[in-house]
Amino acid sequence: MGYDTDVVIIGAGPVGLTLANLLGLRGIDVVVLEAGRELIDYPRAVGIDDEAMRVMQGIGLVEKVLPHTVPDQQIRMVNGRGKVIGVIDPTTRVFGWPRRNGFVQPLVDRVLLDGLDRFANVRVQFETRMTELRQDGEGVTVQCRAPEGERAVRAKWVVAADGGSSGTRKALGITFEGETRKTPGLVIDVANDPIGTPHAVFGGDPKRGWATLSLPHGIRRWEFNVLPGEEDRAETDAFVHEMLAEHVSDPSSLDIIRRRVYTFNARIAGTFRKGRVLLAGDAAHVMPVVAGQGWNSGIRDAVNLGWKLAAVVDGRAEATLLDTYDQERRDHVAAMIGLSLNMSRLMTNRSRLASAARDLSAAVISKLPKLKAKVSSQGFKPMPQYGRGVVVPSSLPHSKSVPVTADSPLSVGTLFPQPRVRTADGAEKLLDDATGTDWRVIVWNNDPAALISCSTAELLPLLGATLVHVVPAAQLPWATSHAAAGVTVVGDPAGEVKRWFDARPFSALVVRPDHVIAAECLAQELDETLQKVLTAARVIRPAAADLAPGPEAASLAGLTTDAPEAAAVG
């Protein structure tokens, strides 16, 4: 049976649209199915972090996203008496972008949708609802209902990014374990911001938790806990005005964009993959909004899954590679859910005793400079650190020339930073713009081409890997003139890359397309390490007589197959 497309993505929310852009850039044929008539046009998520901004950079859309952000948005936490008990104000640029940014989601979603116009291989179909999935060992048939009638789309793989109430997840019988918070929340978005100050405020009042955030283009959000017995009237003018009475002088004159009561959940799917169907974003996990990580966690799903799915579709990797998506994302998502729950309990609890204990702890933290700095820099945010999946575990080197201590960090499974570097023409750029965002072999002060064998070099195109030689900026002209063909040489003008390597016992890295360090080693060990990476990445190695297979050689023989199954949506 033939295919209508390589991948069907169900849901044109931020996760589905980001994944479609990632696959579009890699030449994968994609059909996006969206049940709605158009994108949701009211603000929902309000925070985009530095990791997600790096993804926007990687898909070539960050310059169009930036106008809809408030960079370096500060959060002030206050208690019931209005006293500031803590400030979150991270100013780091470790990944090239501000760690915290307020944003208007509908406008950024529109940027993601418009970005798909670049790709003849990506189609978006609105008013098209998935009604049934039928899987077999070769692909998935998606039955759809559209205004023009019923039809079927045949694809190799399906990604469900259809939200927390995902019909796909339910149809596949995948569990969604977790909890529903007892206290719902009222969200109010207002145009022509009556406050105007740029920061966010989280109110930890035991009488009623609340928050307010400044958003771009004159939009302000308020969120209030809805207490037992208030649910039926929470969206009325009288209740909204009552909530806002202590915040603005005339609530009745506000230009309210929307008001809506939400029930907050903390849940994670039992599996992120069933056969040839994968779950992403809210379809796979949901969390309370307090930490601002729901939208960003979905973008992390997309960037983790995108390069893996493309490699499998192209026939460069076995389908077992897709199992690592669940392995890698699950633990980090669980940590983010835990952070969101803890922050929610911290700021929305109704116990005066617990609130007093929180305030006392905050007072102690304020007198401890290191701990205060950690809170301010958002150092409590869990960062990805993969111990399994497409990683090659490392250990401290045994070399007298490499002194190590118990504190010497191992970096496999963590994100490589993105400093500014200098290119051969003298321009200064962010690292990803200078080297590309596919696989990268990054070596400090050594030409990587001189460290790998011809047989390994012949396999690197299967990864799409770029060889990157990093040198102090003063050495850039000399290193460029002596570089082997195909090696990208970049200078380190501010010494940021050198300081990163100074703190670690290795000089060579293999970095994945999602910026995760897959392997680290000393220079002499690079060739052997790359062979281990190829194995970890489930690369299908061609026969010795054919080391340059084209796309048509995408043998599905290496793909796992599943027994035929069907799932229907009522």
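For the structure itself, consult the block above.
For clarity, every value in this text was computed on a predicted model and none was experimentally measured. (Residues numbered from 1 in each chain as written. Predicted model: local features only at pLDDT ≥ 70, side-chain atom pairs only at ≥ 80, totals over all residues. Heavy atoms only, no water.)

Caption draft 1: Layout of unusual backbone geometry. Positioned with a positive phi, Glu127 is a non-glycine residue whose angle comes to about 55 degrees. One can find Glu127 in the loop between strand S8 (122-125) and strand S9 (129-135). Backbone geometry places Asn445, a non-glycine residue, at a positive phi of 60 degrees. Considering the arrangement of structural elements, one finds Asn445 in the loop between strand S24 (440-444) and helix H12 (454-463). (Helix = DSSP H or I, 4+ residues; strand = E, 2+ residues; numbered from the N terminus.)

Caption draft 2: Here's a closer look at the nonpolar core. With 111 residues, the main nonpolar core has Val7 and Met56 as its most contacted residues. It is helix H7 (residues 294-313) that provides the largest number of residues to this core, a total of 11 residues. Apart from the residues lying within four places of it in its own chain, the contact partners of Met56 are Thr18, Ile48, Leu61, Val62, Val65, Leu112, Trp295 and Ile299. (Core = buried A, V, L, I, M, F, W, Y, C linked by side-chain atoms within 4.5 Å. Buried < 20%, exposed > 50% of the residue type's maximum accessible area, 1.4 Å probe, protein only. Contact = heavy atoms within 4.5 Å.)

Caption draft 3: Broad picture of the sheet that holds strand S16 (residues 219-225). On the basis of which strands lie adjacent, the open sheet formed by 7 strands has the order S6-S5-S14-S15-S16-S13-S17 and mixed pairing. Only two strands of the sheet have a single partner each, and these edge strands are strand S6 (84-88) and strand S17 (255-262). Across the sheet, the axes of successive neighbouring strands diverge by a mean angle of 15 degrees, strand direction being ignored. In this sheet, strand S14 (residues 200-204) lies alongside strand S5 (residues 75-79) in parallel orientation, the contact comprising 5 bridges. The residue bridging Asn79 from the neighbouring strand is Gly204, located in S14. Against the sheet, helix H6 (residues 237-244) touches strand S13 (185-191), S16 and S17, its axis set at about 80 degrees to S13. (Pairing = 2+ DSSP bridges. Axes fitted to C-alpha atoms, helices over the stretch in contact; angles between N-to-C directions.)

Caption draft 4: Here's a closer look at helix H15 (residues 526-536). Every buried residue belonging to H15 is among Leu526, Thr529, Leu530, Val533, Leu534 and Ala536, and all of these are buried. Summarising the axial view, the buried residues of H15 lie within an arc of 160 degrees, below the 170-degree limit, and thus occupy one face. Among the exposed residues of H15, those pointing more than 90 degrees away from its buried face are Glu528 and Thr535. In the core, the buried residues of H15 are packed alongside S24, H12, strand S27 (508-511) and strand S28 (517-521). (Arc of directions from axis to C-beta.)

Caption draft 5: The arrangement of the sheet that holds strand S4 (residues 69-71) in detail. Reading across the sheet, the 3 strands line up as S3-S7-S4 and stay open at both edges, with antiparallel pairing between neighbours. Every other strand in the sheet has two partners, leaving strand S3 (47-49) and S4 as the edge strands with one partner each. Going from strand to strand, the sheet's axes swing by 30 degrees on average, the running direction of each strand aside. Relative to strand S7 (residues 100-103), S3 runs antiparallel, the two being bridged by 3 bridges. Within S7, the position partnered with Ile48 by the bridge is Asn101. The sheet contacts of helix H2 (residues 50-58) involve S3 and S7, and relative to S3 the element is tilted by about 75 degrees. Against the sheet, H7 makes contact with S3 and S7, and its axis sits at roughly 40 degrees relative to S3, the strand it touches most.

Caption draft 6: Fine view of the packing of aromatic side chains. Considering all chains together, one arrives at 6 aromatic pairs under this definition. Taking the centre distance of 5.8 Å and the plane angle of 50 degrees together, the rings of Phe272 and Tyr325 count as tilted. Of this pair, Phe272 sits in the loop between strand S18 (265-269) and strand S19 (273-274) while Tyr325 is found in helix H8 (residues 323-348), placing the two residues 53 residues apart along the sequence. Across this residue pair, the class does not change: Phe272 and Tyr325 are buried. Ring centres 5.0 Å apart and planes at 80 degrees place the aromatic pair Phe416 and Trp500 in the edge-to-face group. With a gap of 84 residues between them, Phe416 in the loop between helix H10 (369-376) and strand S22 (420-422) and Trp500 in helix H14 (residues 496-502) connect regions that are remote in the sequence. Each of the two residues, Phe416 as well as Trp500, counts as buried. Members of the aromatic cluster, joined through ring pairs, are Phe416, Trp444, Trp500 and Phe501. A cation over an aromatic ring shows up here: Lys156 above the ring of Tyr3, its NZ or CZ 5.5 Å from the ring centre. (Phe/Tyr/Trp six-rings, centres within 6.5 Å; stacked < 30°, edge-to-face > 60°. Lys NZ or Arg CZ within 6 Å of the ring centre and 35° of its normal.)

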